Structures are given as C-alpha cells and as structure tokens.
Amino acid sequence: MKKQLLLIALSIYPLLTYSQTQQSLSFYAEKCSINVGAAVGSAFYSNYNTNSTYDLIIKRNFNILVPENEMKFAVIEPTQGNFDFSKSDQLVNYAVANRKSLRGHTLCWHSRNPAWIEAGLTNGIANGTFTRTSLMSILKNHITTIVTRYKGKIQHWDVVNEAFNTDGTLRTSIWQQVIGNEYIDSAFVWANRADPAAKLYLNDFSVENYGSAKSNALFNYVKGMKNRNIPINGVGFQCHFIVNNIQYSKIDQNIKAYASIGVEAIITELDIRIKKTDYETDSATQLATQAENYRQMILLCFNNSNCKTIVTWGFTDLYSWIPNFTSNVYDYSLIFDRSYNPKPAYSSMLNELYLGSLSANNSIINDNSTLRVKEIGNKIIINSDMDMIRCQLFDIHGRLLFNSSSSVKEIEITLNKMPLSLIVLRVQLSNEQVVVRKIIKQ
Ligand code: G3I
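Residues numbered from 1 in each chain as written. Predicted model: local features only at pLDDT ≥ 70, side-chain atom pairs only at ≥ 80, totals over all residues. Heavy atoms only, no water.

**Quick notes on the environment of Ser 305**
And then number 1: Positionally, Ser 305 belongs in the loop between α14 (283-303) and β11 (309-312).
And then number 2: Separated by 40 residues in sequence, Ser 305 and Ala 265 place their C-alpha atoms 9.5 Å apart. (Helix = DSSP H or I, 4+ residues; strand = E, 2+ residues; numbered from the N terminus.)

Next up, the structure:
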C-alpha cells in the first residue's frame with residue numbers, strides 16, 4: 001500500500017511542479033514543434049541585447065517574433081522609392097543572432113499607408129492620382145524590395161492584411177479600388193517570386209469562428225486562390241478576444257476546414273482583454289478565466305496539424321494597444337503584467353506546453369515499445385504483448401482519475417464522464433520504463 005502511494009505521489013509530482021520549473025514557453029513549444037511568439041513594438045529598440053527583463057523574456061520565451069509596427073508601409077517606405085530599413089534591420093539581425101524566426105507584418109494593408117499613398121484617396125474614394133498600372137508598379141516594387149532584402153531571414157509574411165469587411169465583401173482600400181480585387185493574387189505572386197521559401201499568409205480579424213459571413217468569405221476566397229494556383233500557405237487568425245468570450249469549437253471547426261483544402265490557419269495576434277471594471281471587482285477570477293482561455297488556444301494548436309504557430313500581440317500589459325484603442329475600457333490582455341511578472345495565463349500556457357512535450361517525447365517510446373493505447377468511445381484500452389503494465393490516469397489538474405491495482409497485460413478504463421479537453425495517461429512497464437501520453441478529448 002505504501003509503495004502504491006509512493007507511486008501515485010511520484011507520478012503526480014511532475015504535474016504539480018511544472019509551474020515552478022525554470023523552463024520557458026519556447027523550451028517546451030519546440031519539443032511540441034510549435035512556434036510560440038510575440039509582437040514587439042517600439043520598446044524593443046531601447047531594450048534589445050541589454051539583458052533587461054524585456055530582452056530576457058523575449059530571448060527565453062519566444063521562438064518567433066513580429067514587428068508590431070516597424071514594417072508597415074508608412075514606416076518602411078515613407079516617401080516613394082525611399083526605403084527606411086533602420087528599424088526592421090535591427091529586428092532581423094537580432095532574430096538571426098538569437099535563432100528566432102520572424103513573421104513579416106505587413107506588405108499590403110488599407111491602414112498605415114504613407115501620405116504619398118493616401119494622396120490617392122479623397123474621403124476614402126480613389127481620386128485618379130494613381131492609374132491601375134502605376135499603383136500595381138508601386139505595390140510590386142514595395143513587396144519585391146522588402147521580401148528580397150529579407151529573403152531566408154523572414155519565414156512568414158502577412159502579405160495582405162484585413163482585406164475583408166464584416167459582411168464578407170472585399171474592403172474598398174486604395175489597392176482594391178485602383179487595382180481591382182486581383183491586387184491580392186498579385187501581391188502573393190510577387191512575394192513568392194522574391195522568396196519562394198517564405199510562407200505567405202492572408203491575415204484578418206473576426207475570421208476565427210466558423211460560419212460567420214466574414215469567415216465564410218475569407219475561406220471561399222482562399223479556396224479560390226488555391227484553385228487559381230496562387231501561392232498562399234495560410235490564413236492568420238488575429239484573435240483579438242475578450243475574456244470568457246471565445247468559441248473554441250467554432251475556431252477548431254474553422255481550422256479544420258482550412259486543413260481540408262491544404263491551408264494553414266495560424267494564430268497571429270492573440271490577446272484576451274479584460275474589462276477594467278470587472279478586473280477591479282475581482283481580478284483573481286478574471287485572471288483565472290483568462291488563463292483558461294489562453295490554455296484552450298494552445299489546445300487548438302495541439303489538435304490541429306495546420307495550426308502550429310501561436311503569436312501574442314505583445315507580451316506585457318505595459319505595452320499593449322488595447323487600453324488606448326478601447327478608451328481605457330479594457331486592459332490586461334497579455335501574459336505578463338506591467339512589471340513583467342508572469343500572469344496566470346503565462347503559467348497555463350507553460351503548463352499546457354509542458355504536458356504536450358511529455359506526449360511528444362513519449363510518442364517515440366510508444367513507437368518502439370509493444371504498448372498500444374486505443375480510445376474507443378469513453379473507453380481507453382491499453383495493452384502490451386510482452387510487458388505487464390499498470391497505469392494511472394490524471395486530469396489536467398493532476399488529479400488521479402484511475403489507478404490500476406495490479407500489473408496485467410491489458411487494462412480497460414471506462415469513465416462515465418470523460419473530463420473535457422485533456423487527460424494524462426501514465427503507464428509503467430514491467431521494466432519500470434514509464435510512458436506518459438496525453439489524450440485530448442474534444
Ligand atoms: O510612430 C508614431 C509616432 O511618431 C507618433 O508620435 C505617435 C503619436 O500618436 O504615433 C506613432 O504611431 C502610432 C503607432 O502605433 C506606433 O506606436 C500610431 O499612432 C498608432 O495608430 C499605431 O497603432 C498601431 C496600429 O496597429 C495601427 O498601425 C498599434 O500599435 C498596433 O498594435 C496595431 O496593430 C494592428 C495590426 O497591425 C493589425 N491587426 C490589428 C492590430 C491592432 O490594431
């Protein structure tokens with residue numbers, strides 16, 4: 001009996017102590033083959049390579065970075081044909097030196113265009129300053145120059161950003177009005193010619209949930225692009241969410257729809273804002289809910305092989321676009337607080353990635369052993385031809401759900417109610433080898 005208790009204690013041990021580990025998000029994410037990243041804004045430039053907390057958090061936790069603003073049209077080509085790469089070069093050099101991947105954001109957008117492009121609109125309507133040919137040539141030069149400069153150093157490009165309206169129609173940006181809808185296809189072709197190895201994305205907000213007018217429109221458009229052989233690798237779901245207001249199953253359904261047409265659907269600008277008045281009333285509950293929301297977003301990546309990148313829009317509440325954008329109604333959207341302390345959301349992401357890394361490691365052991373794990377309905381059947389086995393099953397919180405009493409060749413576990421989302425199975429073989437496997441329930 002004592003031995004059994006010890007076994008249980010030992011098996012729960014890693015689940016209870018993971019949050020105290022010194023490991024980081026990217027440490028575990030890499031074991032799960034997931035990119036976990038953050039956007040970096042103006043604070044990056046006074047912090048990078050200084051060993052400041054800001055610098056160390058990026059270095060330790062993220063394996064992919066995105067410039068929040070520094071590659072937008074107005075910043076990088078402020079006057080026609082004159083490119084200012086000073087900011088983008090610093091970030092690219094940092095990423096190369098620190099072996100981080102990069103997402104380039106963004107080559108073509110209706111917003112943050114320089115005055116010389118904006119001059120082509122009067123009250124939002126194209127005014128004849130540019131002909132179709134001249135604007136095509138401007139966009140082609142812009143895309144070709146930037147993508148060529150960073151060829152091999154920027155792995156993802158948000159080629160076109162926010163091209164759709166809520167009703168599913170194409171947004172009447174200057175590009176759409178003067179060039180026509182083909183500006184999207186052309187932008188992807190030019191980017192692909194400049195760096196055929198870079199992955200190219202159409203990035204947008206409010207396209208995460210399956211079935212809305214806007215997400216249907218984006219899906220159908222991307223399907224059309226694939227049919228026209230346009231080089232698109234994926235869509236970016238921005239994921240600017242409000243706490244406790246995320247429809248995971250609709251997002252999951254949508255990601256799977258993209259998988260069915262061979263397209264990635266990745267998470268590019270995640271933040272989960274909290275209403276300030278709610279935070280002031282009960283910050284602990286709000287932060288716990290937010291942590292669960294972030295955890296579920298990681299699960300979407302585990303559940304979908306075409307969703308292997310998750311990027312947050314910043315990482316500290318000190319620098320977030322949310323308070324300003326929402327007139328201070330919302331805040332606290334990121335995973336570190338204003339003093340760079342990790343929030344519960346950070347721990348929940350770390351925990352989830354840790355658990356994922358266990359199953360990633362142990363799937364290798366599974367392949368080489370005679371152990372088989374089958375899931376049929378609400379039953380889990382574990383058997384081994386050669387080994388005697390015993391096992392324990394835990395829920396996400398490390399609580400023991402099942403413990404086999406003796407070593408046998410086959411164990412059948414029936415749970416009346418499978419816990420939602422995730423359980424961890426720990427099997428001990430007769431040679432004392434331990435196999436841990438994560439099972440995700442929809
Ligand atoms: O650079 C100027 C500075 O010179 C000037 O003194 C200052 C005065 O307001 O403004 C500075 O520019 C601001 C820029 O951020 C850099 O801080 C702009 O006014 C401000 O509008 C801009 O906001 C950015 C916004 O995109 C518009 O470009 C946010 O930081 C950035 O988080 C946000 O990011 C977007 C993504 O690109 C696309 N998806 C949505 C996401 C959130 O809106």
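So that's the structure; there's more coming.
**Topic: the site of the ligand**
And then number 1: The immediate surroundings of the ligand are formed by 13 residues, with Glu 68, Lys 72, His 105, Arg 112 and Glu 269 found nearest.
And then number 2: Between a nitrogen atom of the ligand and a side-chain N or O atom of Glu 162, the distance comes to 2.9 Å.
And then number 3: The contact in question runs from a nitrogen atom of the ligand to an N or O atom on the side chain of Glu 269, over 2.7 Å.
And then number 4: Surface burial for the ligand is 50%, taken as the share of its 800 Å² of free accessible area covered by protein chains.
And then number 5: A breakdown of the residues in the shell around the ligand according to their chemical character gives three nonpolar, five polar and five charged. (Near = heavy atom within 4 Å. Polar contact = N/O pair within 3.5 Å; in protein donor to acceptor, adjacent residues only side chain to side chain. Areas by Shrake-Rupley, 256 points an atom, 1.4 Å probe, with all protein chains shown as cover. Nonpolar A, V, L, I, M, F, W, Y, C, P; charged D, E, K, R; others polar.)

**With respect to the nonpolar core**
And then number 1: One finds Trp 157, Val 160, Trp 175, Ile 184, Phe 188 and Tyr 258 to be the most contacted residues of the largest nonpolar core, which totals 109 residues.
And then number 2: Residue contributions to this core peak at eight residues, all from α14.
And then number 3: Those residues within four positions of Tyr 258 in sequence are excluded, and the remaining contacts are Ser 215, Leu 218, Phe 219, Val 222, Val 235, Phe 237, Val 263, Glu 264, Ala 265 and Asn 306.
And then number 4: In terms of nonpolar packing, the next biggest core, distinct from the first, is built from 12 residues, Val 373, Leu 393, Val 427 and Leu 429 among them. (Core = buried A, V, L, I, M, F, W, Y, C linked by side-chain atoms within 4.5 Å. Buried < 20%, exposed > 50% of the residue type's maximum accessible area, 1.4 Å probe, protein only. Contact = heavy atoms within 4.5 Å.)

**What to know about the confidence of the model for the chain**
And then number 1: Of the residues in the chain, 86% have a pLDDT of 70 or more, and the chain-wide mean is 88.
And then number 2: Note that pLDDT drops below 50 for residues 1-21; the model gives that stretch 23 contacts with residues more than four away or on any other chain.
And then number 3: Low pLDDT, under 50, characterises residues 361-368; the predicted model gives this stretch 10 contacts beyond four residues in sequence or across chains. (pLDDT = per-residue confidence, 0-100.)

**Thoughts on the pattern of salt bridges**
And then number 1: Going through the model one piece at a time under the given rule, you end up with 12 salt bridges.
And then number 2: The closest approach of N and O atoms between Asp 204 and Lys 214, which form a salt bridge, is 3.1 Å. Here Asp 204, found in strand β7 (residues 199-204), pairs with Lys 214, found in helix α11 (residues 213-227); they are 10 residues apart in sequence, far enough to count as distant. Just as Asp 204 is buried, Lys 214 falls in that class too.
And then number 3: Between Arg 295 and Glu 292 there is a salt bridge, with its nearest N and O atoms 2.8 Å apart. Pair noted here: Arg 295 and Glu 292 are both in helix α14, with a separation of three residues, about one helical turn.
And then number 4: The structure contains a network of salt bridges with shared partners spanning Glu 292, Arg 295 and Glu 352. (Salt bridge = Lys/Arg side-chain N within 4 Å of Asp/Glu carboxyl O.)

**A look at helix α4 (residues 53-61)**
And then number 1: Listed as buried for α4 are Tyr 54, Asp 55, Ile 57, Ile 58 and Asn 61. In an axial view of α4, the angular spread of the buried residues amounts to 165 degrees, which keeps them on one side of the axis. (Arc of directions from axis to C-beta.)

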